[in-house]
Amino acid sequence: MGGTFRIRKKRIFYKDFRRVETSTPVFFGKDKAGQIEYYIPMSTDAAWLDLYPEHTFNAYALYLKRLYGRSVYRVAVDAGFSCPNRGKTRSHPGCTYCDEYGSRAPYLGHGGSLEEQIEGAIKFLKNRYGAEDYILYFQAFSSTFGSVEDCRAIYDRALRLAPFKELVVSTRPDCISVDIADLLDSYVKPDMKVWVELGLQSASDTTLKRIRRGHTVATFTEAYRLLKGKGINVAVHLIFGLPGEGSREIRKTVSFMSGLAPDGIKIHNLHIPRDTAIHREFLAGELVVPSPQRHLEYVIQGLELLPPETIIMRLTCDTPPERLVFPGHFWEKSRFYAAVREEMRKRNTWQGRCYSPER
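The rules behind the values
- Residues numbered from 1 in each chain as written.
- Predicted model: local features only at pLDDT ≥ 70, side-chain atom pairs only at ≥ 80, totals over all residues.
- Heavy atoms only, no water.
- Helix = DSSP H or I, 4+ residues; strand = E, 2+ residues; numbered from the N terminus.
- Buried < 20%, exposed > 50% of the residue type's maximum accessible area, 1.4 Å probe, protein only.
- Contact = heavy atoms within 4.5 Å.
- Areas by Shrake-Rupley, 256 points an atom, 1.4 Å probe, with all protein chains shown as cover.
- Axes fitted to C-alpha atoms, helices over the stretch in contact; angles between N-to-C directions.
- Parallel < 35°, antiparallel > 145°, perpendicular 65-115°, else oblique.
- Left-handed = near helix turned anticlockwise from the far one by under 90°.
- Nonpolar A, V, L, I, M, F, W, Y, C, P; charged D, E, K, R; others polar.
- Pairing = 2+ DSSP bridges.
- Polar contact = N/O pair within 3.5 Å; in protein donor to acceptor, adjacent residues only side chain to side chain.
- Right-handed = clockwise from strand over helix to strand, strands pointing away.
- Expected span 1.5 Å × (residues − 1).
- Arc of directions from axis to C-beta.
- pLDDT = per-residue confidence, 0-100.

Considering the overall build of the protein chain
In terms of helices and strands, the protein chain carries 11 helices and 14 strands. Residue burial in the protein chain is summarised as follows: out of 359 residues, 54% are buried. Within the protein chain, residue pairs in contact and separated by at least 24 positions form 75% of the contacts whose partners lie at least 6 positions apart. Just so you have it, the protein chain exposes about 16,800 Å², and 50% of that area is on carbon and sulfur atoms.

In structure tokens form, the structure reads like this:
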């Protein structure tokens, strides 16, 4: 097969992988001590993909089940952070696609204190899913946009409220500094994983300027490498179908990301939130929003280029209908995931099929 995977700063060769018969066939990699280091649920065997279509890509839910033995649920909070584009009061114009809620979880409603948000979220997750294990997720806006002291106080306050298994902080590359990276690293413990979700959206500086991101690809790369140098897990946010971007531009962005081999990826379909700059562009006929079928094609092309060990944490947006202008009838999440798996199975393709570590 040739090639190598880069895994936790170690290099494990394909020849070190062996097929193991389990209830869910996987490839296991072993380190020099013979301990299981990682396994990759991918195969070039078409019959195997027919039997296990869920393994056409490395889905986040499956990753969590492998890691913890059961489902683990995110408790999303809005801790009052803003971002450089919005200013300290969240009142300035932001990225063209960003609405006043800054990607906050729909079940938060109008917010409340951290204590109220976490208590309410855990109650909701328990009642709906029977959840028992939780991940603390600072989701809204840029959750490192503040002093180290303020960030530490907020993180500590929230972490004391439940026995969280992980800390996840969503932010922008221009809100990552050496001091912030050191702060996040201080939370890494044997029983506490730390992730940073870092927004890039596109690897084109032209596109970043058009959507008013306020940073460059170089800024992103610097922040990404700083975090990875600390051993912090990084998941990257991308938007497929941005103004001026089609298949070629999306493949270029994914190829750029593949070269960095991120721990996780979140893919968003372009959508139009109400009362945003991109909403006004849409009404003026300045852009076209990809259909579910076109987004599916973009996703499959992207998955083929990504490293097989990169965790796929999202493939679509889930903006609430009352905040969404278009597309009004995008497929629900479960239907879209099933369609991706089915189409990949039909094509006998999988995540990483076109990935080259030497690229």
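Points about the packing of helix H10 (residues 292–305) against helix H11 (residues 333–347)
Where H10 contacts H11, the axes come no closer than 10 Å and their chain directions differ by 60°. Considering their axes alone, H10 and H11 lie oblique with respect to each other. Taken as a pair, H10 and H11 cross one another with a handedness that is right-handed. For the pair H10 and H11, contact is made by Pro292, His295, Leu296, Glu297, Val299, Ile300 and Leu303 and by Phe336, Ala339, Val340, Glu343, Met344 and Arg347, respectively. Counted by class, the contact of H10 with H11 contains nine nonpolar, one polar and three charged residues.

Remarks on the sheet that holds strand E9 (residues 193–201)
Spatial strand order, E6-E7-E8-E9-E10-E11-E13: seven strands in an open sheet with parallel pairing. Looking at which strands have only one partner, the edges of the open sheet turn out to be strand E6 (73–77) and strand E13 (311–314). For this sheet, the mean inter-axis angle between neighbouring strands, taken without regard to orientation, is 25°. Judged from the five bridges that link them, E6 and strand E7 (residues 134–138) form a sheet pairing that is parallel. The residue bridging Ala76 from the neighbouring strand is Tyr137, located in E7. Helix H3 (residues 114–129) rests against E6 and E7 of the sheet, and its axis sits at about 150° to E6.

What to know about the side chain of Asp263
Along the polypeptide, Asp263 turns up in the loop between helix H8 (247–260) and strand E11 (264–269). Polar side-chain contacts of Asp263 include one of 2.5 Å to the side chain of Lys228.

Looking at the pairing of strand E8 (residues 166–171)
Summarising burial for E8: six of the six residues are buried, a large majority. Across the two faces of E8 the burial is the same, with Glu166, Val168 and Ser170 and Leu167, Val169 and Thr171 all buried. As paired strands, E7 and E8 are joined by four bridges and run parallel to one another. Counterpart to Ile135 in the pairing with E8 is Glu166. Chirality of the crossover, the property in question, places the unit of E7, helix H4 (residues 148–159) and E8 among those that are right-handed.

Some words on H3
Structurally, the α-helix is built with 3.6 residues per turn, so residues lying three or four positions apart point the same way. With 16 residues, H3 should cover 22 Å at 1.5 Å per step; its first-to-last C-alpha distance of 22 Å lies within 8% of that length. Listing the buried residues of H3 in full gives Leu114, Gln117, Ile118, Ala121, Ile122 and Leu125. What you see down the axis of H3 is that its buried residues fit within an arc of 120°, all on one side. In H3, the exposed positions angled more than 90 degrees off the buried face are occupied by Glu119, Lys123 and Asn127. In this fold, the buried residues of H3 make contact with E6, E7 and H4. Following H3 by one or two positions, Gly130 has its phi on the positive side, about 70°.

Focus on the confidence of the model for the protein chain
Here the protein chain averages 83 in pLDDT, and 80% of its residues register 70 or above. Here residues 1–49 is a poorly scored stretch, pLDDT under 50, and it has 103 contacts once near neighbours within four places are set aside; other chains count.

Section: the environment of Ala181
Residue placement: Ala181 occurs in helix H5 (residues 178–185). For Ala181, a relative accessible area of 0% translates into the label buried. Apart from the residues lying within four places of it in its own chain, the contact partners of Ala181 are Leu226, Leu227, Lys230 and Ile232.

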